[in-house]
Amino acid sequence: MNASFPPNQSPPSFWRSKPGIALGMLLVIALFYLAREHYGHISQLLPYAILLLCPLMHLFGHHHGGHSHHGETGDTPKEGKRG
């Protein structure tokens, strides 16, 4: 099956094709089944998962780990220098 695409369009990604959607649905069903069967084990790990999310949200919530603010210009007053 050789489909031709216009020069400015690329073929759709795997996850947007029919086999990709079917595989994604099977993965969701499998994850639900595993979570349902092992809820007793998973529920014991939830407090630790929440504690693990805190540093991850800090790292990825600040522009992927950087504390520099690239969008600021020199004309706008910074929070610490307001008078």
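Residues numbered from 1 in each chain as written. Predicted model: local features only at pLDDT ≥ 70, side-chain atom pairs only at ≥ 80, totals over all residues. Heavy atoms only, no water.

**So, the overall build of the chain**
The helix and strand tally for the chain stands at two helices and zero strands. When burial is assessed residue by residue, the chain has 1% of its 83 residues classed as buried. Accessible surface for the chain amounts to roughly 8,300 Å². Of this, 66% is attributable to carbon and sulfur atoms. (Helix = DSSP H or I, 4+ residues; strand = E, 2+ residues; numbered from the N terminus. Buried < 20%, exposed > 50% of the residue type's maximum accessible area, 1.4 Å probe, protein only. Areas by Shrake-Rupley, 256 points an atom, 1.4 Å probe, with all protein chains shown as cover.)

**Side note on the packing of aromatic side chains**
Under the criterion given, the structure shown has one aromatic pair. Here the aromatic rings of Phe 14 and Trp 15 are separated by 5.2 Å at their centres, their planes lie at 70°, and the arrangement is edge-to-face. (Phe/Tyr/Trp six-rings, centres within 6.5 Å; stacked < 30°, edge-to-face > 60°.)

**Quick notes on helix H1 (residues 18–37)**
Along its 20 residues, H1 runs 29 Å from first to last C-alpha, staying within 8% of the 28 Å computed at 1.5 Å per residue. Across the 20 residues of H1, one count as buried, placing the element largely on the outside. (Expected span 1.5 Å × (residues − 1).)

**Some thoughts on a nonpolar patch on the surface**
Together, Leu 52, Leu 53, Leu 56, Met 57, Leu 59 and Phe 60 make up a nonpolar patch on the protein surface, roughly 610 Å² of accessible area in all. Structurally, the position occupied by Leu 52 is in helix H2 (residues 39–61). Here Leu 52 falls in the exposed class, since its relative accessible area comes to 52%. (Patch = residues over 30% accessible without salt bridge, like charges linked within 9 Å, V, L, I, M, F, W, Y side chains within 5 Å. Salt bridge = Lys/Arg side-chain N within 4 Å of Asp/Glu carboxyl O.)

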